[in-house]
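Coordinates in review
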Amino acid sequence: MNIYSLEYFERTLPVEKIRPPYKKPEPDGSRLSVCGVEQAAWDGAPVPAPDSMALLAPQPARGEGPRCTEVFLQRLGMQTEGGRDFAGVLLDEDAADPAEFAVWRRAFDNATLIARAARPEQVAALRTEGVPFGLLLDARAGLLPVRRQLAQQSLQFVWETAPVFLLAKGCPDAKSALRQAMDGWHVLAADVPGAVPGSLLVRRVTYPKALSAGGALPLRLWLQNVGNTPVYAASRVRLQLKGADGCFPVAVQLAPRVWPIGDTVYNEITQLPGVAPGGYALRCRVWKNDGCGTVPLGGEGADGWLALGTAVLDDVPRPELYAVWDTYYPDGYYPLEDPKLPE
């Protein structure tokens with residue numbers, strides 16, 4: 001038998017290959033809304049609608065001086081917990097003073113600052129100060145002006161690290177052209193249909209059929225972002241064993257991360273808890289690093305955990321599992337197996 005074949009490795013180390021249940025993501029993301037807060041008419045912190053992806057848009061009274069603007073932004077930031085519940089904080093049109101950006105960042109430390117692509121002086125000032133920012137595009141007058149703004153300011157790759165939002169109600173271009181543009185711009189949310197935000201799917205998980213309580217768990221997770229944007233919220237994978245006596249956490253070393261478009265394959269040899277021998281449900285969850293909820297995985301149960309099969313633990317020592325990835329590749333070599341996505 002060819003030592004590089006999948007059959008050879010599976011005979012050497014029998015493994016479980018679980019393809020978790022798949023729930024097709026919604027074809028369109030949440031609608032974009034902009035919560036404007038005028039300083040002159042400010043009467044409390046706004047609350048985003050539960051069915052929308054909202055940008056907080058403070059509108060300082062510029063004529064009252066920079067100190068008044070600073071107090072307004074700081075108080076609004078405290079009321080909204082640094083913009084925690086918003087998808088971003090939209091800089092007002094006149095925000096182009098580099099000294100002011102520090103005030104915005106301190107006030108809204110739990111949200112991304114969003115620049116207006118139609119304000120090149122704002123974008124240039126943010127870049128000069130090294131301030132990270134997302135983008136708001138305005139295609140209500142057509143797609144061509146937006147294309148020019150992106151090209152002239154070299155903004156085509158902002159989406160790789162920060163979200164891009166779009167206003168396009170009343171756009172005179174055809175719906176097909178608008179949707180194609182939204183795909184190309186990797187729009188996270190818009191005020192019209194068509195945005196496909198990032199969504200994680202566990203395509204497969206691989207681990208040995210026989211494991212030792214308190215011993216090694218060689219684990220291979222194959223995840224895929226099936227959306228059109230990264231999953232921007234830094235998040236971390238959590239694992240647990242669920243048995244008759246309760247739930248037991250399994251340590252995972254993968255650092256908090258932003259999930260890019262496409263596949264992410266992760267191998268780890270982690271430590272199992274010293275539980276009683278038996279069968280345990282191995283479960284997975286992806287927590288946002290700020291503690292505000294989880295990232296959906298496309299097939300999780302009502303409690304938010306995704307079942308990854310049953311791990312069978314006994315008292316037999318298996319020290320060889322701590323080095324198993326040195327000699328074993330769980331999908332063979334020629335060719336790699338590539339399971340198709342369900343319809």
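Calculation criteria
Residue positions are counted from 1 within each chain, in the order its sequence is given. The predicted origin of the model limits local features to residues at a pLDDT of at least 70 and limits the giving and counting of side-chain atom pairs to 80 or more, whereas totals for whole chains, interfaces and linings rest on all residues. The basis for every side-chain value is the complete set of non-hydrogen atoms in the structure, without hydrogens or water. Note on conventions: DSSP H or I runs of at least 4 residues are helices, E runs of at least 2 residues are strands, and numbering of each starts at the N terminus. Note on exposure labels: buried denotes an accessible area under 20% of the residue type's maximum, exposed denotes more than 50%, and partly exposed covers the range between, all computed with a 1.4 Å probe on protein chains only. We call two residues contacting when some pair of their heavy atoms lies within 4.5 Å. Surface accessibility in these figures is a Shrake-Rupley result with a 1.4 Å probe; residues are shielded only by whichever protein chains are displayed. Residue-level confidence of the predictor is what pLDDT reports, using numbers from 0 through 100. Two strands make a pair as long as DSSP finds a minimum of two bridges between them. Seen with its strands pointing away from the viewer, a crossover is right-handed when the path leading from the first strand over the helix to the second is clockwise. Orientation is described by lines fitted to C-alpha atoms, with helices fitted over the stretch in contact, and by angles between N-to-C directions that extend from 0 to 180 degrees. Between 65 and 115 degrees an angle is taken as roughly perpendicular, under 35 as roughly parallel, over 145 as roughly antiparallel, and anywhere else as oblique. Handedness of a helix crossing follows the sense of rotation of the near helix relative to the far helix, less than a right angle counterclockwise being left-handed and clockwise being right-handed. Note on residue classes: Ala, Val, Leu, Ile, Met, Phe, Trp, Tyr, Cys and Pro are nonpolar, Asp, Glu, Lys and Arg are charged, and everything else, Gly too, is polar. Two rings belonging to Phe, Tyr or Trp (six-membered ring only in the last case) form a pair when the distance between their centres is within 6.5 Å. Interplanar angles under 30 degrees mark stacking, angles over 60 mark edge-to-face geometry, and anything in between is tilted. Two thresholds decide whether a charge sits over a ring: the Lys NZ or Arg CZ must be within 6 Å of the ring centre and within 35 degrees of the ring normal.

For the rest of this paragraph, the subject is the overall build of the protein. Summing up its helical and strand segments, the protein has six helices and 17 strands in all. Looking at the protein as a whole, 46% of its 343 residues are labelled buried. Relative to all contacts within the protein whose residues are 6 or more apart in sequence, the contacts with residues 24 or more apart total 69%. Accessible surface for the protein amounts to roughly 16900 Å². Of this, 52% is attributable to carbon and sulfur atoms.

The next thing to look at is the side chain of T264. Assignment of secondary structure puts T264 in strand β15 (residues 262–271). What makes T264 buried here is its relative accessible area of 11%. Beyond its immediate stretch of four places on either side in the chain, T264 contacts L221, W222, L223, R257 and W259.

The next subject is the confidence of the model for the protein. Here the protein averages 86 in pLDDT, while 88% of its residues score no lower than 70. Within the protein, helix α1 (residues 6–12) has the poorest average pLDDT of any element, 56, and strand β6 (residues 134–138) the best, 98. Across residues 332–336, where pLDDT falls below 50, the model places seven contacts with residues more than four positions away in sequence or in other chains.

What follows covers the environment of V89. Mapped onto the elements, V89 comes out in strand β4 (residues 88–90). Take V89: its relative accessible area is 0%, and that puts it in the buried class. Remark: the alpha-carbon pair of V89 and V34, spanning 55 residues in sequence, is separated by 9.4 Å. In this structure, V89 is in contact with L56, P58, W104, F108, A111, T112, L113 and I114, ignoring residues within four places of it in sequence.

The phi angle at S154 is positive, at roughly 55°, despite the residue not being glycine. Mapped onto the fold, S154 is located in the loop between α5 (143–152) and β7 (164–167). Exposure remark for S154: the relative accessible area of 49% places this residue in the partly exposed category. Positive phi, normally seen in glycine, also occurs at H186, with a value near 55°. In this fold, H186 is placed in the loop between α6 (175–185) and β8 (189–190). On the accessibility criterion, H186 (14% relative accessible area) is buried.

Both faces of β7 are covered, namely the face carrying V164 and L166 and the face carrying F165 and L167. Relative to β7, β6 is paired through four bridges, and the arrangement is parallel. Bridging from a neighbouring strand, L136 pairs with F165 of β7. Between the parallel pair β6 and β7, the chain is carried across by α5, and the sense of this crossover is right-handed. Of the strand pairs in this sheet, β7 and β8 are connected by two bridges, and their pairing is parallel. Note that in β8 the partner of F165 across the bridge is A189.

A separate point is the packing of helix α2 (residues 66–79) against helix α3 (residues 98–107). The interhelical angle for the contact between α2 and α3, taken along N-to-C directions, is 20°, at an axis separation of 8 Å. On the basis of their axis angle, the class for α2 and α3 is roughly parallel. Our pair here, α2 against α3, has a crossing hand that is right-handed. Contact residues: T69, E70, L73, Q74 and G77 in α2; E100, V103, W104, R106 and A107 in α3. Taken together, the residues of the contact of α2 with α3 sort by class into four nonpolar, three polar and three charged.

The next point concerns the packing of aromatic side chains. Scanning the entire structure with this criterion turns up three aromatic pairs. With centroids separated by 5.2 Å and ring planes inclined at 85°, the aromatic side chains of W42 and F72 adopt a geometry described as edge-to-face. With W42 in the loop between β2 (31–38) and β3 (52–59) and F72 in helix α2, this residue pair connects regions lying 30 residues apart in the sequence. By relative accessible area, which is 2% here, F72 ends up buried. Lying over the aromatic face of W259, R257 brings its terminal NZ or CZ to 4.6 Å of the ring centre.

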